Amino acid sequence: MNKKIPVIIDCDTGIDDAGALMMACASERLEILAVTTVSGNVGLEHTHPNTMNLLNLLGRPEIPVAKGADRPLVRPPMKASAVHGFNGLRGYQFAQTTTAAQVALPAAAYMAKVLEEQDEKVTIVALGPLTNVAILLLSRPDLAPKIDKIVFMGVSYQDGNPTPITTFNVLVDPEAFRICTTRGVDFYACPLDTLRSACVGASEVEKIRTFKSPVADFILKTSFAPRQFTDEEIAQINKSGNEEYINRERLELLNKSEKNALLDQATMAFVIAPELFTFKKYYCEVECAGTITTGYTFVDKRNNFQKSEEEKNLYFIETVDEQGFAKLFLDLLGSYEEG
Ligand code: RIB
Ligand code: CA
């Protein structure tokens, strides 16, 4: 068997971070050295315990989890609880909770420790705002050569969420994105434009319903159930620094229109099975001082800026094998079946 790929996973768990962790823990191609948590979809007070409780449910309670930044580098937090629910998991409550996996060091310091201890280069899979990774690169620039690459969910060329032109994980902490793309570490962006088609369709969801495992049940209840918020939750979401306002009408619309694009899951698939994707290197800058364009990632696809190969700083994932991705997702989820 091929050698395993050593990874650190940084996440803001989150329904699709949860799906990505499910895939990572089931994959034989990855060696998960650590998981670190960050504020993003919801606050750290949810993303951190969600991560530990989920690893426990996935049967991997031994993976160390380090708590990271509770806010972006220089901006106030912005949340996506209208998508992920007030607790990040659309209200899902774990039957068993745990804090056993938590390590004492904060995320960036723990990442540094892991990198120092490894002989091999390590891949950082960043599924949320890049705050922790930027702190690592700022505090320990000497460790940049120990990072094989950063694989990031975010960036867009002609698309956006939650605004027409920005992606959440960049918009929340654009300064961190700028740091991570300008420190000489190979940076692979899994952009919204491409990942929109990384979906699991209705027939595949029906197949998942036949899987007999607590993990499949968790994935169905979080990723594939309609958003059902109580009035109290809606009020809580709307006053919590959320990036979009919701009410009953909008919720109904979202539930009707929603396609299951699995963003963080497809990003994890790129690490596990890069053969399902194609990519190309470009020069990219991020807007940090816009009036309405903050977080916009300017990807110079036509090379208008005439940048050399050395100056290009971002690998842009251009295509995804949609069927291959859906199969990988189902295969990994199916591997949790009991008996
Ligand atoms: O809505 C986009 C957010 O959901 C991002 O944080 C992405 O990583 C997913 O978790
Ligand atoms: Ca995420």
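All of these numbers come straight from a predicted model, not from anything done at the bench.

Thresholds applied
- Residues numbered from 1 in each chain as written.
- Chains lettered and ligands numbered in written order.
- Predicted model: local features only at pLDDT ≥ 70, side-chain atom pairs only at ≥ 80, totals over all residues.
- Heavy atoms only, no water.
- Near = heavy atom within 4 Å.
- Polar contact = N/O pair within 3.5 Å; in protein donor to acceptor, adjacent residues only side chain to side chain.
- Areas by Shrake-Rupley, 256 points an atom, 1.4 Å probe, with all protein chains shown as cover.
- Helix = DSSP H or I, 4+ residues; strand = E, 2+ residues; numbered from the N terminus.
- Nonpolar A, V, L, I, M, F, W, Y, C, P; charged D, E, K, R; others polar.
- Pairing = 2+ DSSP bridges.
- Axes fitted to C-alpha atoms, helices over the stretch in contact; angles between N-to-C directions.
- Contact = heavy atoms within 4.5 Å.
- Salt bridge = Lys/Arg side-chain N within 4 Å of Asp/Glu carboxyl O.
- Buried < 20%, exposed > 50% of the residue type's maximum accessible area, 1.4 Å probe, protein only.
- Parallel < 35°, antiparallel > 145°, perpendicular 65-115°, else oblique.
- Left-handed = near helix turned anticlockwise from the far one by under 90°.

A.B. asks: What am I meant to see in the site of ligand 1 here?
C.D. replies: Around ligand 1, the structure places Asp 12, Asp 16, Asp 17, Asn 41, His 84, Leu 127, Met 153, Asn 161, Phe 168, Asn 169 and Asp 264. Between ligand 1 and Asn 41 there is a distance of 2.9 Å, counted from an oxygen atom to a side-chain nitrogen or oxygen. Measuring from an oxygen atom of ligand 1, one finds a side-chain N or O atom of Asp 264 at 2.6 Å. A total of 280 Å² of accessible area belongs to ligand 1 in isolation, and the protein chains cover 95% of it. Residue assignment for the shell around ligand 1 shows that the elements contributing at least two residues are α1 (15-26) and α6 (168-172). Here the shell around ligand 1 is composed, by residue class, of 3 nonpolar, 4 polar and 4 charged.

A.B. asks: What is the right way to look at the sheet that holds strand β5 (residues 147-153) in this model?
C.D. replies: Adjacent strands of a sheet pair through backbone hydrogen bonds, lying either parallel or antiparallel. The mixed open sheet is built from 8 strands, whose spatial order is β3-β2-β1-β4-β5-β6-β10-β7. The open sheet has two edge strands with one neighbour each: β3 (65-67) and β7 (277-282). Averaged over all pairs of adjacent strands, the angle between their axes in this sheet comes to 25°, without regard to strand direction. Where strand β2 (residues 30-37) and β3 come together, 3 bridges link them in parallel fashion. For Thr 37, the partnering residue across the bridge sits in β3 and is Lys 67. Sitting on the sheet, helix α2 (residues 44-57) is in contact with β1 (5-11), β2 and β3, with an inclination near 175° to β3.

A.B. asks: What's the story with the pattern of salt bridges in this structure? I'm lost.
C.D. replies: Using the criterion set out here, one finds 16 salt bridges in the structure. Between Asp 217 and Lys 221 there is a salt bridge, with its nearest N and O atoms 3.0 Å apart. On the criterion of helical spacing, the pair formed by Asp 217 and Lys 221 is a turn pair, its members being 4 residues apart in helix α10 (residues 214-223). For Asp 217, a relative accessible area of 32% puts it in the partly exposed group.

A.B. asks: Hey, could you run me through the environment of Cys 284 in this one?
C.D. replies: Its place among the elements puts Cys 284 in strand β8 (residues 284-286). For Cys 284, a relative accessible area of 3% translates into the label buried. Expressed as a C-alpha distance, the spacing of Cys 284 and Gln 93, which sit 191 residues apart in the sequence, is 40 Å. The residues contacting Cys 284, other than those within four sequence positions of it, are Phe 177, Thr 297, Phe 298, Val 299, Asn 313 and Leu 314.

A.B. asks: Help me understand the packing of α1 against helix α13 (residues 263-272), please; the structure alone is not making it clear to me.
C.D. replies: Helix-helix packing is described using two parameters, namely the angle between the two axes and the distance between the axes. Contact pair α1 / α13: the axes reach a minimum separation of 7 Å and the direction vectors enclose 25°. The orientation of α1 with respect to α13, classified from their angle, is roughly parallel. In the packing of α1 onto α13, the handedness of the crossing is right-handed. From α1, Ile 15, Asp 16, Asp 17, Gly 19, Ala 20, Met 23 and Ala 24 reach across to α13, where they touch Leu 263, Asp 264, Gln 265, Met 268, Ala 269 and Ile 272.

A.B. asks: Just to check I follow, could you spell out unusual backbone geometry for this structure?
C.D. replies: Most peptide bonds take the trans form, and the phi angle of most residues other than glycine is negative. That bond from Thr 13 to Gly 14 is cis: its omega, -5°, falls within 30 degrees of zero. Tracing the backbone through its elements, the reader meets Gly 14 in the loop between β1 and α1. Of the consecutive residues Asn 161 and Pro 162, the connecting peptide bond is found in the cis state with omega at 15°. One can find Pro 162 in the loop between β5 and α6. Not every positive phi belongs to a glycine, and Asn 303 is a case in point at roughly 50°. Here Asn 303 shows up in the loop between β9 (297-299) and β10 (314-320). A positive phi angle, near 50°, is found at Gln 306, a position not held by glycine. Structurally, the position occupied by Gln 306 is in the loop between β9 and β10.

Without other data, these values stay purely geometric and don't point to any function.
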